[in-house]
Amino acid sequence: MGLRTMYSLGLIVFLSLLCAQLFSASTGILCSIFLLVLYVCYQSWNQYRLLKALKQDDLIGHHRGFGIWYDIFSLLDKKSKEWRQEVLRSEIEYKRFIQAVQASPNGLVMLDEDDQIEWCNSVCKEHFRLDPLRDARQPITFLLRHPDFVHYMHEANFSESLHLDFMGVNGNLMLLLQIFPYGENRKLLLSQDITILKRNEAIRQDFVANVSHELRTPLTVLNGFLETLRELPLTEAERKRYLLMMSSQSSRMLSLVEELLILTRLDNSPVSPKTAVVKVTELIQRIVEDGKSLSNGRHIIRLSMISSRNILGAENEIFSAFGNLLTNAIRYTPEGGTIQVYWEDLPDGGAIYSVRDTGIGIAPEHIPRLTERFYRVDRSRSRDTGGTGLGLAIVKHVAIRHAAQLNIESTLGVGSVFSMAFNKDRLASMDNPTVNIN
Ligand code: ADP
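Residues numbered from 1 in each chain as written. Predicted model: local features only at pLDDT ≥ 70, side-chain atom pairs only at ≥ 80, totals over all residues. Heavy atoms only, no water.

Undergrad: Help me understand the site of the ligand, please; the structure alone is not making it clear to me.
TA: Near the ligand you find 21 residues, and of these Tyr332, Ser382, Thr388, Gly389 and Leu392 are the closest. The separation between an oxygen atom of the ligand and a polar side-chain atom of asparagine 328 is 2.8 Å. Between glycine 389 and the ligand, the recorded distance is 2.8 Å, taken from a backbone N or O atom to an oxygen atom. Summarising the interface, the protein chains cover 98% of the accessible area of the ligand, which totals 530 Å² for the free molecule. Residue assignment for the shell around the ligand shows that the elements contributing at least two residues are helix H10 (315-331), helix H12 (391-401) and strand S12 (415-422). The dominant element in the shell around the ligand, judged by the number of residues it contributes, is H10, at three residues. Split by residue class, the shell around the ligand holds ten nonpolar, seven polar and four charged. (Near = heavy atom within 4 Å. Polar contact = N/O pair within 3.5 Å; in protein donor to acceptor, adjacent residues only side chain to side chain. Areas by Shrake-Rupley, 256 points an atom, 1.4 Å probe, with all protein chains shown as cover. Helix = DSSP H or I, 4+ residues; strand = E, 2+ residues; numbered from the N terminus. Nonpolar A, V, L, I, M, F, W, Y, C, P; charged D, E, K, R; others polar.)

Undergrad: Even after reading the chapter, I still don't get the confidence of the model for the protein, so can you show me in this structure?
TA: Fine structural detail should not be taken from predicted coordinates in areas where pLDDT scores are low. Per-residue confidence for the protein gives a mean pLDDT of 89; residues scoring 70 or more make up 96%. Ranking the elements of the protein by mean pLDDT puts strand S13 (residues 436-437) last, at 40, and S12 first, at 98. Predicted confidence for residues 432-438 stays below pLDDT 50, and this span has 14 contacts to residues more than four positions away or in other chains. (pLDDT = per-residue confidence, 0-100. Contact = heavy atoms within 4.5 Å.)

Undergrad: Looking at this model, I keep getting lost on the sheet that holds strand S1 (residues 107-111). Mind explaining?
TA: Working definition: the strands of a sheet are paired by backbone hydrogen bonds and lie parallel or antiparallel to each other. The five strands lie next to each other as S2-S1-S5-S4-S3, forming an open sheet whose pairing is antiparallel. A single partner strand is all that each edge strand has here, and the edge strands are strand S2 (117-120) and strand S3 (162-168). For this sheet, the mean angle separating the axes of adjacent strands, direction not counted, is 30°. Of the strand pairs in this sheet, S1 and strand S5 (residues 186-193) are connected by five bridges, and their pairing is antiparallel. Paired with glycine 107 across the strands is serine 191, a residue of S5. (Pairing = 2+ DSSP bridges. Axes fitted to C-alpha atoms, helices over the stretch in contact; angles between N-to-C directions.)

Undergrad: Could you clarify how one ought to interpret unusual backbone geometry in this entry?
TA: Among all residues save glycine, negative phi is the norm, and among peptide bonds the norm is trans. Positive phi, close to 60°, is recorded for arginine 129, a residue that is not glycine. Here arginine 129 shows up in the loop between helix H4 (123-128) and helix H5 (140-143). Here arginine 129 falls in the partly exposed class, since its relative accessible area comes to 46%. With a phi close to 50°, alanine 403 is a non-glycine residue in the positive phi region. (Buried < 20%, exposed > 50% of the residue type's maximum accessible area, 1.4 Å probe, protein only.)

Undergrad: Just checking my understanding: could you explain the packing of helix H7 (residues 195-231) against helix H8 (residues 236-268) for this structure?
TA: Pairs of packed helices are described in terms of their axes, by the angle between the two and the distance that separates them. Here H7 crosses H8 at 165°, and the two axes come no closer than 10 Å. It follows that H7 is roughly antiparallel to H8 by the angle criterion. As H7 packs across H8, the resulting crossing turns out to be left-handed. Tallied by class, the residues present in the contact of H7 with H8 amount to 17 nonpolar, four polar and three charged. (Parallel < 35°, antiparallel > 145°, perpendicular 65-115°, else oblique. Left-handed = near helix turned anticlockwise from the far one by under 90°.)

Undergrad: Even after reading the chapter, I still don't get the pairing of S3, so can you show me in this structure?
TA: The two faces of the sheet receive side chains in turn, since in a regular strand these alternate between them. The two faces of S3 differ: Leu162, Leu164, Phe166 and Gly168 on one face are buried, but His163, Asp165 and Met167 on the other face are not. Summarising the sheet, S3 and strand S4 (residues 171-182) pair through seven bridges and their orientation is antiparallel. When the sheet's bridge partners are listed, aspartate 165 is paired in S4 with methionine 174. In this antiparallel pair of consecutive strands, S3 and S4, the connection spans two residues.

Undergrad: Hey, could you run me through helix H9 (residues 280-295) in this one?
TA: Three or four residues apart is the spacing at which side chains of an α-helix point the same way, because the helix has 3.6 residues per turn. Counted at 1.5 Å a residue, the expected span for H9 with its 16 residues is 22 Å, and the 22 Å between its end C-alpha atoms agrees. Residues of H9 that are buried include every one of Val280, Leu283, Ile284, Ile287, Val288, Gly291 and Ser295, and no others. Each buried residue of H9 lies within a common arc of 135° when the element is viewed along its axis, so the set occupies one face. Lining the buried residues of H9 we find strand S6 (277-278), strand S7 (300-305), strand S8 (311-312), H10, strand S9 (338-345) and strand S10 (351-357). The first or second residue beyond H9 is asparagine 296, which carries a positive phi of 55°. (Expected span 1.5 Å × (residues − 1). Arc of directions from axis to C-beta.)

Undergrad: Would you mind going over the packing of aromatic side chains with me for this structure?
TA: A ring pair, where both rings are aromatic, is described by two values, the distance of the centres and the angle of the planes. Under the criterion given, the structure shown has ten aromatic pairs. When the ring of tyrosine 42 is compared with that of tryptophan 45, the centres are 6.3 Å apart and the planes differ by 40°; the resulting orientation is tilted. Taken together, the residues span about one helical turn, with tyrosine 42 and tryptophan 45 both in helix H2 (residues 25-55) at a distance of three residues. A relative accessible area of 24% means that tyrosine 42 is categorised as partly exposed. Between phenylalanine 322 and phenylalanine 422, the ring centres sit 6.1 Å apart and the planes meet at 70°, which makes this aromatic pair edge-to-face. Taken together, the residues span a long stretch of sequence, with phenylalanine 322 in helix H10 and phenylalanine 422 in strand S12 at a distance of 100 residues. Taken individually, phenylalanine 322 and phenylalanine 422 each receive the classification buried, so the pair is uniform in this respect. Members of the aromatic cluster, joined through ring pairs, are Phe322, Trp343, Tyr353 and Phe422. Lying across the ring of tryptophan 45, arginine 49 places its NZ or CZ 4.8 Å from the centre. The ring centre of phenylalanine 73 lies 4.2 Å from the NZ or CZ of arginine 49, which sits over that ring. (Phe/Tyr/Trp six-rings, centres within 6.5 Å; stacked < 30°, edge-to-face > 60°. Lys NZ or Arg CZ within 6 Å of the ring centre and 35° of its normal.)

The following block contains the structure:
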């Protein structure tokens, strides 16, 4: 019995004795009965209140009463506030954890001991079309039925990861999956989208294969010539002819390596700065002069410069891109053809560089692929004219770095127009416009 209960009972006894002393013994007995009934009622009422508060899980803010009940309700009040704060803190931490998991680019599925889905994040919708609410409590192998995955689950050798092709919400995906066992027989399934990684790896492998192939051909030829020079007794004229052919093969390798270096530089350097002013008029004149010496009088080359705008960007890159378009026109236009080079203003304040030829033209199915590295319509024609298959890839890169639009229009057997349109914020303010037609 607690001290407070003893005090209360003592008080009842004292008051009953006082009544008996002041009035009579029977009054004292009546007083004690009345006080005891009152005491029992008060206890029962508080017990009822306590039970109700516990049942309803509503422990805060009750009238605290007196005596032991004051202590009980005060303690409950205090504990209950602490619990609520604890729960609130846990809820916040849980929400943060869920937010962190949802922010992950990887799919995450929590499986129970029967391999049923307990929870999954939203990435799983993209990867496996799983829905956290709809698919909860479903066995994972009912929903991911890929035979390799079912086998992986069955084998339970989770130290290895698994590469799988899946039809995701946004198309075909290459996924890397791994199961991590945790807790009591539970599992965590992690999925990582490696589609881009795989694609880049394939591009890299293609690229290495292409470069090796491009270098192997001239190297084989060079090797053959070297053997001939070493082993056969040749006349001076024959020796000169072989050396000339060898020099053409080594030039081919040199231009391939040079173009590869240009592409690497373009790949690795940040977007071309707007600060340098490229004097387009002078640059195009130089390019046309070079073009004329390459053509060696086999084509009619005309220059029409109706704009005097300058480009904000990198001069070597513009020179390389503009030069490539003219060189291609010369290489793919038969003797006697006409090539026109334009630098003109556009109505929206921009300017356009274009090269129009009356050459062999390109069939429509090839046009979308021309800017791919090493893509050629006619491999032998490209090689015979000293092509590397990288020219238009460089042009496209330069166009992107200068926010320019590369356009290709062509009709097979009629000719082509390659153009680069620069928008006005990539152009320097106007000098004195001049018309310059050669
Ligand atoms: P290449 O070194 O082979 O010329 P490019 O990247 O410069 O490589 O061009 C890719 C392909 O586009 C060429 O192989 C050629 O088939 C085609 N091509 C480019 N310019 C022209 C043009 N003016 N006329 C016809 N075909 C062209």
